[in-house]
2 protein chains.
Amino acid sequence: MVTIYDIAKRANVSPMTVSRVINNSKQISESTRQKVQAVIEELGYIPNSAARSLISKKTKILSLLITDITNPFFTRVARGAEDKAKQFGYQILLSNTDEDFKKEEDYIDMLLSTNVDGVLLAPTGDQSKKNIKKLIKRDIPFVLLDREIEGIESDIVLGDSYEGTRKLIEHLIQQGHKKIALINGPLSVSTARERHKSYIETLKLSNLKVNHDLISEIGYNKDDADTIIKNLISLPKFERPTAIFAANNFIAVNAIKALRKFGYEVPKDMSIVCFEDFEPITGFNPFLTAAIQPAYSFGYTGIQFLIERIEGKAPKEYRKIVLSPEIVIRESSRLIKK
Amino acid sequence: MVTIYDIAKRANVSPMTVSRVINNSKQISESTRQKVQAVIEELGYIPNSAARSLISKKTKILSLLITDITNPFFTRVARGAEDKAKQFGYQILLSNTDEDFKKEEDYIDMLLSTNVDGVLLAPTGDQSKKNIKKLIKRDIPFVLLDREIEGIESDIVLGDSYEGTRKLIEHLIQQGHKKIALINGPLSVSTARERHKSYIETLKLSNLKVNHDLISEIGYNKDDADTIIKNLISLPKFERPTAIFAANNFIAVNAIKALRKFGYEVPKDMSIVCFEDFEPITGFNPFLTAAIQPAYSFGYTGIQFLIERIEGKAPKEYRKIVLSPEIVIRESSRLIKK
DNA sequence: CTGTTAGCGCCTTCAC
DNA sequence: GTGAAGGCGCTAACAG
């Protein structure tokens, strides 16, 4: 391994001078700089970042802690995060929690030991508070993504769950639906609470009665929705739903799979709408009516907030940005033929 | 920050003893171990990995260098990689090259400085040889992903481009197509060369003539395919293709978009097949006929090979594994109605 | 503008 | 079974 000592010897200067060159110090004559630079290139020297971190306490590594990179929402978040990070010379450490508190805890411990400079995280839910406290305790800057946690103060990038839900439900109502089911994520996650609240209030505002038999809860991740769907379609005709609002893309997909299993076609026998798109490139093969969030911006802005916080360029007050979803009407909520 | 010195003082032992405890050394009495362990937990001590790396030259960080996490193929690769890495206590650094040699070079330099323990990479093409030589020069273990590079010896995880292409083309021929266009990736990438070769040979074996006007090349990434499509559909009727084989999913999507722009419907006016699926969950909304590769296994096996190599558990000979795609026939290549 | 000294937190080596 | 000394590669602080 080539070190500053090797460079120093060969260039006939002190190691400190080499250090100054690689750190672009101004306090150095152009001639020595060039001399040293030449040797650096000749020997292919690359600074050892472990040694640097040991002193600076900086690693230029950020952690992106999401639930599942496989979810197109988070895929695009990750891309936005990576792009912004690269601009500022940071690298991204990727972790998937699968909505699991224990995994989240494991990763938090790992990244604490790695000494990442900051964390952009979509917490698994309110229980994450305990994990986040560890970050706070060690003064690791972090930015929350997509989900709020009561009692945790931080910069945060959110989507407008309330508005998105309202518009989706209103769309269904406009299509003539009066019995709309909600398959929600866990109420321990703030987005699920918002969507629940908006669902209820939007129905009421439209003078539709809220039937609690039509509301159910399931994991945001990859649980199958067979039982829930079975229950819904087993309801007596007068309360059986004609449309479903799924709280996210995975839930929608699992619902559709379950519906198919029981012989129901979407949208012929059941309309369905949801949050989040299901494809990495929007609009290629339109099927799901959805509230599509600007996921790339979630990641991009999140990392920007984070780096500003790390580098002391952020305002003292925490920032909260709420990004609006775009409602895209597609095949899955086509008008019911009378 | 809590260090081994703080622990040592509080536990009335030497720092060295603390070091032995955190490294699970056998040379230590059960009673001191417990005493020290208690203080470690009390103070919430976490080892500083920069200091450790400085000595051990290990970081427990692996680099995953892919072209674009947004491509569902690589999304699933990343998930497989991350899962395997976690099993062995490694973390994954994610980078997107966008098929760009310069970006790849940037990242290689960054990860060299980060001292990652190893790299799993999908090279941007044959030109990557120069970048890979840097890894070799510094003895960084690496495993190639999806793409071969002549003159580079390493463990490698590949898909069977030849077989996949052959089956897709044969399927089209069976559907009655005689004029099949190829929109390929850059021939500087081994997968494109394989697909090219297989396309030609399969046509010949079926006694179909190869028309070079039907063969074109485009980026694997996100270039638009308008010009190529325009050229294809402008051909005189007797040579105009009735089906397109797109070398990957993004090319297929761009081709379909272009076709739509010019008023062509898939599959009514043009059939299309490609490599790689387009959705993160296979089979939900079937449209594209595709050779679907076991992407998760690419990542999972790649990381396994890499860790074995790093930890000296790999055989001396380099391993090459070729994973077979699954051909899934769907809407986009439906039979032509006569 | 350049060099010297000391130390970041930990572990290897060698004593005891 | 435990501890002291020294050094991993680099840079802050000071000296010249």
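Residues numbered from 1 in each chain as written. Chains lettered and ligands numbered in written order. Predicted model: local features only at pLDDT ≥ 70, side-chain atom pairs only at ≥ 80, totals over all residues. Heavy atoms only, no water.

**Some thoughts on the packing of helix α10 (residues 226–234) of chain A against helix α11 (residues 249–261) of chain A**
Residues and elements named next belong to chain A. Relative to each other, α10 and α11 sit at 60 degrees, their axes nearing to 9 Å. Here α10 lies oblique to α11, going by the angle between them. Crossing of α10 over α11 shows right-handed handedness. Counting all contacts with α10, which are made through D226, I229 and I233, the residues of α11 involved are A255, A258, L259 and K261. Classifying every residue of the contact of α10 with α11 gives 5 nonpolar, no polar and 2 charged. (Axes fitted to C-alpha atoms, helices over the stretch in contact; angles between N-to-C directions. Helix = DSSP H or I, 4+ residues; strand = E, 2+ residues; numbered from the N terminus. Parallel < 35°, antiparallel > 145°, perpendicular 65-115°, else oblique. Left-handed = near helix turned anticlockwise from the far one by under 90°. Contact = heavy atoms within 4.5 Å. Nonpolar A, V, L, I, M, F, W, Y, C, P; charged D, E, K, R; others polar.)

**Here we look at the sheet that holds strand β2 (residues 91–96) of chain B**
The mixed open sheet is built from 12 strands, whose spatial order is β11(A)-β5(A)-β4(A)-β3(A)-β1(A)-β2(A)-β2(B)-β1(B)-β3(B)-β4(B)-β5(B)-β11(B). The open sheet is flanked by β11 (320–323) of chain A together with β11 (320–323) of chain B, the only strands paired with a single partner. The average angle at which neighbouring strand axes cross in this sheet is 20 degrees, direction not considered. Inspection of the sheet shows strand β1 (residues 61–66) of chain B paired to β2(B) by 6 bridges, in the parallel sense. Its bridge partner lying in β2(B), B:S63 is registered against B:L93. (Pairing = 2+ DSSP bridges.)

**Considering the pattern of salt bridges**
For the coordinates displayed, the defined rule picks out 48 salt bridges over all chains. B:R147 is paired through a salt bridge with B:D146; the nearest N and O atoms lie 3.7 Å apart. Residue B:R147 shares its accessibility class with B:D146, and that shared class is buried. The salt bridge involving B:E170 is made with B:R166; its shortest N-O contact spans 3.0 Å. Of this pair, B:E170 and B:R166 both sit in helix α8 (residues 161–174), 4 residues apart, which is roughly one turn of the helix. By sharing partners, the salt bridges in this structure join A:D68, A:D98, A:K103, B:R79 and B:D83 into a single network. (Salt bridge = Lys/Arg side-chain N within 4 Å of Asp/Glu carboxyl O. Buried < 20%, exposed > 50% of the residue type's maximum accessible area, 1.4 Å probe, protein only.)

**Let's talk about the side chain of B:T124**
Residue and element names in this part refer to chain B. Mapped onto the elements of the fold, T124 is located in the loop between β3 (118–121) and α7 (129–137). A distance of 3.2 Å separates the side chain of T124 from the side chain of Q127, its partner in a polar contact. Among all residues touching T124, those that are not within four sequence positions of it are T97, E99, D100, F101, E104, R147 and V189. (Polar contact = N/O pair within 3.5 Å; in protein donor to acceptor, adjacent residues only side chain to side chain.)

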